[in-house]
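Summary of the model geometry
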Amino acid sequence: MSQSKVQIKNLYKIFGKTPKKVLAQVKAGMGKPELLEQTGHVLGIQNVSLDIPEKRIQVVMGLSGSGKSTLIRHINRLIEPTDGQILIDGEDVLSMSDKQLREVRRKKTSMVFQKFGLLPHRKVAENVGYGLEVQGVSSDEIAKRAQHWIDRVGLTGYENHYPGQLSGGMQQRVGLARALATDAEILLMDEAFSALDPLIRYDMQSILLELQDELHKTIIFITHDLDEALRLGDKIAILRDGALIQEGTAPQIVLTPADDYIADFTKDINRGKVIRLKALAAAGSPYDGAMIDGSTVLADALLPLSQAPDQRLGVTDANGAYLGAVTLTQAIAALQG
Amino acid sequence: MEFFEEFPSLGRKTLSGMKQAVDETFKGFSRAYGEQLENFFDPLLRFLIWFERLLEATPWPIILLVVGALAWIGSRSWKITAGSVLAFVVIGVLDMWEDTMATLAIISVATLLCIAIGIPIGILMSRSDRMQAIITPILDVMQTIPSFVYLIPVVMLLGIGKVPGLIAVCIYAIPPIVRLTNLGIRLVDKDVLEAADAFGTSPWQKLWGVQVPLALPNIFAGINQTIMMALSMVVIASMIGVKGLGVPVLRAISNQYLALGLMNGLAIVALAIIFDRVSQTYGKRLQAYRQGGK
Ligand SMILES: Nc1ncnc2c1ncn2[C@@H]1O[C@H](COP(=O)(O)OP(=O)(O)OP(=O)(O)O)[C@@H](O)[C@H]1O
Ligand SMILES: [Mg+2]
């Protein structure tokens, strides 16, 4: 995968009166419940290291309270860590002055919030242009660029409405347009679609994927919903009690869950629509029969497999290079998990 | 037993010595700095006098027009506009025009002064808990101490006249605007502030672009209360030489003129109602976006 845009290194965040003092105990292995009981401190993040690839969607998943929001807020330093390092393009965010940090927040990162975080006293167009206004861009330019993004998220005609006059889904489109308007390379999305009902949510995911096809942003997307994670994520990281317990591509998570917690997460998922043949293709014996594209999901591969002469097909990558062979039995086994 | 029957107070001599010492120190201070203080307040005095003269010299139909226009701009309501103009007509018919103009002048200047001083203090207070802890008790004292008590040092320092009257009115009327500015800013939604931070908003941009605009409805409630309290000080202010509707009320008290007292008292009430309605409806319109209106 491409190079890292954001690197998180050995990050710790402890909430409480004297986090530095209890840090040693946490590093020595004290868990979240014991820490709370013995010291009254809440463990937000413990020893998380994560390399976030450029121009991809990195999903961070976990149950409520697992530290997702805390983690994402460290990237633009809305939260100060107790210990650890954050690098954006190799630059240490934590050693920046207030001014440098503001510059990063203006130009490099932008954010979409679960509760939208729109400015209620400003109209849609003014909200979308907010990031540009903060940067001191001229008002003509703001109007032009705001209009462009309003059109892109499908809110044409609503420029002069206040956020309070829009539905949740529309408000989040404003939030998305506001985040895109600054042309920042990194998009931080904290449960951006969680407050929306399922249909609207699916719509918003589609809008995001469509935009991403063309914009190639580095997106860090927080969710507690596995379907959303699998649909959007090029890479998925799973948090529990502030610790990173597994990281990988969607099929890796589904096929080889690191522990019961993750297996529990993935057990209800439609594996046929997540696992792709290339994950199963075992390199080895050459195969001279028919070939199939490795990005085919299992559900679509069963029929061709069963129709193949020995119920076996060769798998190729996107460039047509041979990866290995897959049998129907293998595919069915993978489906059942 | 004697010990328990009467509180063991300090001797009369000690006490009067202490009081005298305080009085003397203060008098000394006022002798030394009284003039500088007067000079300091001179621009304010000039402005007040200028404004008073302006109101008195302007032909009454124009004042009526201005009152109507301001009421309309503020409230966008025909009822309130018509009511305001009518109230001023009645005041004029009952020969209280001049006193009303004088009162309007001092109330306007006092309100402007309270806004100019109170909002920055409120902002300061909202930015640090320490500041809030220091200023809140001072405001409490300002609101509860009987106004006659702080009239004494004010008069000792500046004598009798318009400026001490103005200061007395401001001391009494400024707390609400300070409090509500502070409260309004503190109540601004944390999520909105976080979003502003995430886009690299500087503290100054955040204050004027997000916090103050969103606190405006509360700030306006504060201005409204400040005006009301300033009006309620009109009679007391007239005791130390402020012209206006308070003067006839004072005369009515000492001579037992019931009708005179009532008339002027009601004129004050009328002003209060007009100010209140206009500023309240204006405040409501400021937050139209909350109801989803345009
Ligand atoms: N300001 C704070 N003070 C104390 N504890 C906090 C604070 N913020 C978060 N926490 C704690 O840190 C932990 C992680 O919280 P966080 O908000 O990051 O969870 P989350 O994964 O985003 O959950 P959700 O899905 O509900 O948004 C929780 O136990 C929470 O109680
Ligand atoms: Mg969260």
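Residues numbered from 1 in each chain as written. Chains lettered and ligands numbered in written order. Predicted model: local features only at pLDDT ≥ 70, side-chain atom pairs only at ≥ 80, totals over all residues. Heavy atoms only, no water.

Chain B is annotated in an unreviewed UniProt entry as Glycine betaine/proline transport system permease protein of Donghicola tyrosinivorans. For the record of chain B, the UniProt heading Sequence similarities (unreviewed entry) holds the text "Belongs to the binding-protein-dependent transport system permease family." Quoted straight from UniProt, the Subcellular location (unreviewed entry) entry for chain B says "Cell membrane". (UniProt positions renumbered as here; feature names shortened; annotations may be inferred.)

Going by what an unreviewed UniProt entry lists, chain A is known as Quaternary amine transport ATP-binding protein and is assigned to Donghicola tyrosinivorans. Taken directly from UniProt, the Subcellular location (unreviewed entry) text for chain A runs: "Cell inner membrane".

1. Some points on the packing of aromatic side chains
Residue and element names in this part refer to chain B. One pass over the full model with this rule turns up twelve aromatic pairs over all chains. Ring geometry for tryptophan 50 versus phenylalanine 51: centroids 6.3 Å apart, planes at 35°, classification tilted. Look at tryptophan 204 and tryptophan 208: their rings are 5.9 Å apart centre to centre, the planes differ by 65°, and that puts the pair in the edge-to-face class. Here tryptophan 208 and tryptophan 204 lie together in helix 11 (residues 203–232), a separation of four residues that amounts to about one turn. (Phe/Tyr/Trp six-rings, centres within 6.5 Å; stacked < 30°, edge-to-face > 60°. Helix = DSSP H or I, 4+ residues; strand = E, 2+ residues; numbered from the N terminus.)

2. Quick notes on helix 6 (residues 129–144) of chain B
Residues and elements named next belong to chain B. Its 16 residues place the ends of helix 6 23 Å apart at the C-alpha level, agreeing with the 22 Å of an ideal helix rising 1.5 Å per residue. Among the residues of helix 6, Ile135, Leu139 and Met142 are the ones counted as buried. Buried residues along helix 6 sit in contact with helix 5 (97–127), helix 7 (147–158), helix 8 (162–173) and helix 9 (175–186). (Expected span 1.5 Å × (residues − 1). Buried < 20%, exposed > 50% of the residue type's maximum accessible area, 1.4 Å probe, protein only. Contact = heavy atoms within 4.5 Å.)

3. Section: the nonpolar core
A:Val128, A:Leu176, A:Met189 and A:Phe221 are the most contacted members of the largest nonpolar core, which totals 75 residues. Among the elements that line this core, the one with the most residues is helix 8 (residues 168–181) of chain A, at seven residues. Of the residues that make up this core, three or more belong to each of domain 1 (97–233) and domain 2 (273–336) of chain A. Excluding its chain neighbours within four sequence positions, the residues that come into contact with A:Val128 are A:Ala146, A:Trp149, A:Ile150, A:Val174, A:Ala177, A:Arg178 and A:Ala181. Counting residues in each nonpolar core, the second largest holds 68 residues, with B:Ala105, B:Ile135, B:Val154 and B:Leu157 among its members. (Core = buried A, V, L, I, M, F, W, Y, C linked by side-chain atoms within 4.5 Å. Domains from an automatic or database assignment.)

4. Quick word on the interface of chain B and chain A
Between chain B and chain A, the residue contacts involve 21 residues of the former and 27 residues of the latter. Surface buried jointly by chain B and chain A totals about 2,000 Å² across both partners, of which 64% is contributed by carbon and sulfur atoms. The interface formed by chain B and chain A contains two salt bridges. Residue B:Asp191 is joined to A:Lys115 by a salt bridge in which the shortest nitrogen-to-oxygen separation is 3.8 Å. Our enumeration of links across chain B and chain A arrives at seven residue pairs in polar contact (both at pLDDT 80 or more). Here the element with the most residues in the side of chain B that touches chain A is helix 10 (residues 190–198) of chain B; it accounts for seven residues. Of the residues belonging to the side of chain B that touches chain A, the class tally is ten nonpolar, seven polar and four charged. (Buried area = accessible area lost by both parts, 1.4 Å probe. Salt bridge = Lys/Arg side-chain N within 4 Å of Asp/Glu carboxyl O. Polar contact = N/O pair within 3.5 Å; in protein donor to acceptor, adjacent residues only side chain to side chain. Nonpolar A, V, L, I, M, F, W, Y, C, P; charged D, E, K, R; others polar.)

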